[in-house]
Amino acid sequence: MSTELSFFEQVNKNFDIAAVLTDHPRGLLEQIKSVNSVIHFTFPLIRDDESLEVIHAWRAEHSQHKLPTKGGIRYAANVNEDEVMALAALMTYKCAIVNVPFGGAKGGVKISAHEYSTRELERITRRFTFELNKKNFIGPGLDVPAPDFATSGREMAWIADTYLTLNPQEIDALGCVTAKPVGQGGIRGRVEATGRGVYFGLREACSVGDDMRSLGLNTGLESKRVVVQGLGNVGYHAAKFLQEDGGAEIVGVVEYEGAISKPDGIDVEALMAHRRETGSILDFEGAENLDVRDQGLELECDILVPAALENAITMDNAPRIKAKIIAEAANGPISSDASNHLFDRGVMIIPDAFINAGGVTVSYFEWLKNLQHVRFGRMEKRFTEGSSKKLLSAIESSTDRIFSDREIAEIAKGPGEIDLVNSGLEETMIEAYHEIREIKNAKGAAVDLRTASMIAAIDKVAVSYRELGVFP
Ligand code: NAD
C-alpha cells in the first residue's frame, strides 16, 4: 500500500489544503473538521442455526451545525471507526456543496452481507435501529440514515418500521430514514438518484468547451468512452444514463468477479441481464475478459467512473490510468497521493463530495415529502395542466396555429413527482458544478476541483457557525 494515511486522515488532508485558502479563524476550522459524536456499539445476533454472534456497529455524526445529520449505512466486513468518521465528514461537505441543509453522518455494520440470510439481515437491521433509537442517534430532526454499500430500500423499510414501532406518537416518524420504497413513504427517483446525479454532473463538466479543449476532448458526452467500476446501484445507474441519455459508450466494466472490455460499447441493460442469468459479468457476448480484474481501471477511455469502494486508485495503479476525466461516483475511490499525481498529469478529477451528491439531494426531497405528508405534484399537477391548456387554446384562437393532440399533451403536461424530483436534482447538480468551477478558476491553476469544492463547503459551514454563534 503506497499511502500511509487512513481514510479519515486523507479527508482531513484535503480539508487542510482547502482551509489555508480560506480566511476563517483557525479554531473555527478545527471545529468544522472535527467529528461531533461517534458511537461504537455491539449487539447480539441469533443466527438461523441458533448460535449467537456479536455484531459491531458504528454511527458517526460529523457536524451538527445543521440538523438532522444525514448519511448512509453500509454493511461491509472491513467497516471501522476511521472509515465511518471519514464518510461522515464527506457527508457534511457534500451537503454543503449541493446546498442541502443537513449535517453529515455515516453508519456501518461490520458484516459481509452475503454471508447472512434475509431473516438474519432483518434482525441485524432492526436491532441496529433499536440501538440507534436508544442512544438518540436516529430521528427525523436528529439523524436520518440512508442506504450505502450493500444496503437498499429493503433495509430502509425495516429501519422505518422499527422506528415507527418505537415512536408511535411521532407524526413525522417516516422522515427518520430516506430511500424507503415508494409505498413506504419513499420518493420516486431516489433509487437511481446518485447515478442520475453522476450523469448530470458529468454532462455539465463535459459541456464546458474550454475545459474539454484543455483535456483534448470534444464538448459533450456523445461518444465519450467510459469505464465503470462497480455495477451496483450507483455504477449501474450512472452507466445507464450516460449511455441512454448522454450517448456515451461504455467500453469497460470492472466488477467484483472480474473485468470486461468492448471498445465498440457494452449495452448496459444486456450486461445486467447476462449477470442476472450467469451470476457474472464475464463471458459477455462480444466482450473480452481481462486477465486481471483491476486492469479494467487502466483501459483506454475518456472517462473513468469508480463506483465501488474507496481506494480503488492508489499510487500502485494511478500512473497507468489512461482516463482524462475521473468521476468519483464512490466515496474516496482515489487516495490523496494518487489524486495529486493524476492532477499533475492533467487528469480532471470530479470529486466525490460533488459528483455523488445526487442521492443525498433526493433524500432531502424525500424528507421534505415526509414532513409535509403529501406527494410533490399532487396539489398542482391538474391545475397546471388546465392553465396550460387554456393558454394553448387562447393562442389557437388568436393565431392560425392549431396544436396537435400530441403537442397539447407534451406542452400542457403537469409535473408529477418524478418530474419535479429529476428537475430539482438537475438544477442542484448544475448549480453546484458551476459554483465549484468558479472557485477553482478564481483560485488559479494550482487548485483542483476537489480543493475548490472543499473551499465551497468550508465557507458555507463557517457562515452557518458564524451566524449561529457558539453555545453557551
Ligand atoms: P452497491 O453495493 O449497490 O454496489 C457496489 C458494487 O461494487 C457491487 O456491484 C459490488 O459487487 C461492486 N464491487 C465491490 N468490490 C469491488 C471491486 N473490488 N471491484 C469492482 N467492483 C466491486 O453500492 P452503491 O450503493 O452503489 O455504493 C457504491 C459506492 O458509492 C460506495 O462508495 C458508496 O459509499 C457510494 N455512494 C452511494 C450512494 C447511494 O445512493 N447508494 C450515494 C453516494 C455515494
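Here the structure is a predicted model, which means the values were calculated and not measured. (Residues numbered from 1 in each chain as written. Predicted model: local features only at pLDDT ≥ 70, side-chain atom pairs only at ≥ 80, totals over all residues. Heavy atoms only, no water.)

A. Looking closely at the pairing of strand β5 (residues 143-147). In terms of burial, β5 is largely enclosed, as 4 of its 5 residues are buried. The sheet contact formed by strand β3 (residues 69-75) and β5 spans 5 bridges and is parallel. Residue pairing across strands places Gly71 opposite Pro145, the latter belonging to β5. (Buried < 20%, exposed > 50% of the residue type's maximum accessible area, 1.4 Å probe, protein only. Helix = DSSP H or I, 4+ residues; strand = E, 2+ residues; numbered from the N terminus. Pairing = 2+ DSSP bridges.)

B. Representation of the packing of aromatic side chains in the model. Under the criterion given, the structure shown has 9 aromatic pairs. Aromatic pair Phe15 and Tyr93: ring centres 5.7 Å apart, planes at 40 degrees, arrangement tilted. On the criterion of sequence distance, the pair formed by Phe15 in helix α1 (residues 7-19) and Tyr93 in helix α3 (residues 81-97) is long-range, its members being 78 residues apart. A ring pair is formed by Phe354 and Tyr433, whose centres lie 5.7 Å apart and whose planes are at 45 degrees; its orientation type is tilted. On the criterion of sequence distance, the pair formed by Phe354 in helix α11 (residues 352-355) and Tyr433 in helix α15 (residues 417-443) is long-range, its members being 79 residues apart. Judged on exposure class, the residue Phe354 and its partner Tyr433 are both buried. Feature note: the residues Phe102, Tyr364, Phe365 and Trp367 constitute an aromatic cluster, connected by ring pairs. In this arrangement the basic side chain of Lys135 is found over the ring face of Phe41, its NZ or CZ atom lying 4.9 Å from the centre. Residue placement shows Arg293 over the ring face of Tyr256; its charged tip is 5.9 Å from the ring centre. (Phe/Tyr/Trp six-rings, centres within 6.5 Å; stacked < 30°, edge-to-face > 60°. Lys NZ or Arg CZ within 6 Å of the ring centre and 35° of its normal.)

C. Main features of the site of the ligand. Neighbouring residues of the ligand: 23 residues in total, closest Asp148, Thr194, Val234, Glu255 and Asn331. Within the side chain of Asp148, one N or O atom sits 2.8 Å away from an oxygen atom of the ligand. Here an oxygen atom of the ligand sits 3.4 Å away from a polar atom, N or O, in the main chain of Gly232. When the free accessible area of the ligand is taken as 830 Å², the share hidden by the protein chains comes to 86%. (Near = heavy atom within 4 Å. Polar contact = N/O pair within 3.5 Å; in protein donor to acceptor, adjacent residues only side chain to side chain. Areas by Shrake-Rupley, 256 points an atom, 1.4 Å probe, with all protein chains shown as cover.)

D. Structural context of the nonpolar core. Counting residues in hydrophobic clusters, the biggest one holds 99 residues, and the most contacted among them are Ile32, Leu202, Val305, Ile325, Met348, Ile350 and Phe354. Counting residues per element, this core draws most heavily on α3, which supplies 12 residues. Setting aside chain neighbours within four positions, we find Met348 in contact with Ala205, Asp211, Met212, Leu215, Lys324, Ile325, Ile326, Tyr433 and Leu449. In terms of nonpolar packing, the next biggest core, distinct from the first, is built from 27 residues, Phe43, Ala113, Ile138 and Ile159 among them. (Core = buried A, V, L, I, M, F, W, Y, C linked by side-chain atoms within 4.5 Å. Contact = heavy atoms within 4.5 Å.)

E. Region of the structure containing the sheet that holds strand β6 (residues 225-229). A sheet is described by the order of its strands in space; here 7 strands give the open sequence β9-β8-β7-β6-β10-β11-β12, paired in mixed fashion. Either end of the sheet is taken by a strand with one partner, and the two such strands are β9 (288-289) and β12 (348-350). Two elements, β6 and strand β10 (residues 303-306), share 4 bridges in a ladder whose sense is parallel. Bridge pairing links Gln229 to Pro306 in β10. Contacts between helix α8 (residues 233-244) and the sheet are confined to β6, β7 (249-255) and β10, with β6 contributing the most and set at about 165 degrees to the helix. (Axes fitted to C-alpha atoms, helices over the stretch in contact; angles between N-to-C directions.)

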